[in-house]
Amino acid sequence: PWSVHAHAGFGYDSNVSLIPSDSAAQVGLDTDGEQDGFFRIGAGAGYRIYDGAPGSADLSYNLYQSVHFTTSRYDLQSHRLNLTLTTPIHNELV
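Residues numbered from 1 in each chain as written. Predicted model: local features only at pLDDT ≥ 70, side-chain atom pairs only at ≥ 80, totals over all residues. Heavy atoms only, no water.

Novice: What am I meant to see in the overall build of the protein here?
Specialist: From N to C terminus, the protein includes 0 helices and 4 strands. Start at the N end of the protein and walk to the C end: the helices and strands fall as β-β-β-β. Buried residues in the protein amount to 19% of all 94 residues. Sequence-distant contacts, at least 24 apart, represent 53% of the contacts inside the protein between residues at least 6 apart. Carbon together with sulfur atoms contributes 59% to the accessible area of the protein, which is approximately 7100 Å² in total. (Helix = DSSP H or I, 4+ residues; strand = E, 2+ residues; numbered from the N terminus. Buried < 20%, exposed > 50% of the residue type's maximum accessible area, 1.4 Å probe, protein only. Contact = heavy atoms within 4.5 Å. Areas by Shrake-Rupley, 256 points an atom, 1.4 Å probe, with all protein chains shown as cover.)

Novice: Before we go on, may I ask you to explain the packing of aromatic side chains in this structure?
Specialist: How two aromatic rings sit relative to each other is set out by the distance from centre to centre and by the angle between their planes. On inspection of all chains with the given rule, the structure shows 2 aromatic pairs. With centroids separated by 6.5 Å and ring planes inclined at 40 degrees, the aromatic side chains of phenylalanine 10 and phenylalanine 69 adopt a geometry described as tilted. Here phenylalanine 69 lies in the loop between strand S3 (55-68) and strand S4 (76-86) and phenylalanine 10 lies in strand S1 (residues 2-13), a separation of 59 residues in the sequence. Assigned by exposure class, phenylalanine 10 and phenylalanine 69 land together as exposed. An aromatic cluster of at least three residues, connected via ring pairs, comprises Phe10, Phe39 and Phe69. (Phe/Tyr/Trp six-rings, centres within 6.5 Å; stacked < 30°, edge-to-face > 60°.)

Novice: Can you help me understand the side chain of histidine 68 in this one?
Specialist: By the element assignment, histidine 68 lies in strand S3. Since its relative accessible area comes to 9%, histidine 68 is described here as buried. Contact partners of histidine 68, with chain neighbours within four places excluded, come to Val16, Asp36, Gly37, Phe38, Tyr74 and Asp75.

Novice: Mind showing me how you'd approach the environment of glutamine 65 here?
Specialist: Mapped onto the fold, glutamine 65 is located in strand S3. Overall, the relative accessible area of 19% leaves glutamine 65 in the buried class. C-alpha separation for the pair glutamine 65 and phenylalanine 39, spaced 26 residues apart in sequence, amounts to 8.3 Å. Discounting chain neighbours no more than four positions away, the residues touching glutamine 65 are Phe39, Arg40, Ile41, Asp75, Leu76 and Gln77.

This is how it looks when you write it as structure tokens:
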């Protein structure tokens, strides 16, 4: 009734700060650190808190973190808590 998962990897972003390609539009923008690599990790766990005839209920939590090598202002962290309710569909016409 429970599950866990984890993942990790590296990535590369050629336009971290979403700088416009038109040089005239770049006037006054901070274009330092436009390209950067990053390390990312994620993990999560889930648990089925109810499983019966009317349906089921699952509770899960997920974490994501990215760490850029030189432009730390674009590091991301995400926490997600989910409750999923399911019920079977009965088709009386068949």
